[in-house]
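Observations on chain architecture
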Amino acid sequence: MGEKSKLFQCDEKMLTYDAAVVLEKIVDGLKQRKLTATGQDGPVCVDLPLVAEMEISFKDKSKPGKSKKKLSIEISWKEGDAPSLDG
């Protein structure tokens, strides 16, 4: 069975403007095929493949008097896979 390790995590409340700034840095990294971030254990740099899978979901959870919305963006890839745009 494979080994998992968490390279970086960000879980904090911030202004939506600041969230947009973080996402813009991620977009820049995607365009350059290299993501960098600094976490508790220091800097992390991940090289990205030419092709990856992307999943986007927007959810709405409502209760009487309360509503919660959630945007999830996931980009994943397997190292060593041949680049292909086929599903």
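It should be noted that the structure appears before, not after, this text.
Residues numbered from 1 in each chain as written. Predicted model: local features only at pLDDT ≥ 70, side-chain atom pairs only at ≥ 80, totals over all residues. Heavy atoms only, no water.

**Here we look at the state of the cysteines**
Per the stated rule, a full pass over the model turns up zero disulfides. With no disulfide of its own, Cys10 lies 18 Å from the sulfur of Cys45, the closest cysteine sulfur. Residue class for Cys10 comes out partly exposed when judged on its relative accessible area of 45%. Under the relative-accessibility criterion, Cys45 is labelled partly exposed at 49%. (Disulfide = S-S within 2.5 Å. Buried < 20%, exposed > 50% of the residue type's maximum accessible area, 1.4 Å probe, protein only.)

**With respect to the pattern of salt bridges**
Following the criterion strictly, the structure yields two salt bridges and no others. Between Lys34 and Asp47 there is a salt bridge, with its nearest N and O atoms 3.3 Å apart. Here the residue Lys34 occupies a position in strand β1 (residues 34–39), and Asp47 occupies one in strand β2 (residues 42–47), the gap between them amounting to 13 residues. According to the relative accessible area criterion, Lys34 is partly exposed, its value standing at 39%. Lys69 is paired through a salt bridge with Asp60; the nearest N and O atoms lie 3.4 Å apart. (Salt bridge = Lys/Arg side-chain N within 4 Å of Asp/Glu carboxyl O. Helix = DSSP H or I, 4+ residues; strand = E, 2+ residues; numbered from the N terminus.)

**Things to note about unusual backbone geometry**
Its identity as a non-glycine residue notwithstanding, Arg33 has a phi of 60°, on the positive side. Relative to the elements of secondary structure, Arg33 occurs in the loop between α1 (16–32) and β1. A residue is classified by how much of its surface remains accessible, and Arg33, at 39% relative accessible area, is partly exposed.

**Quick look at the pairing of β2**
Relative to β2, β1 is paired through six bridges, and the arrangement is antiparallel. Within the sheet, the bridge partner assigned to Leu35 lies in β2 and is Val46. (Pairing = 2+ DSSP bridges.)

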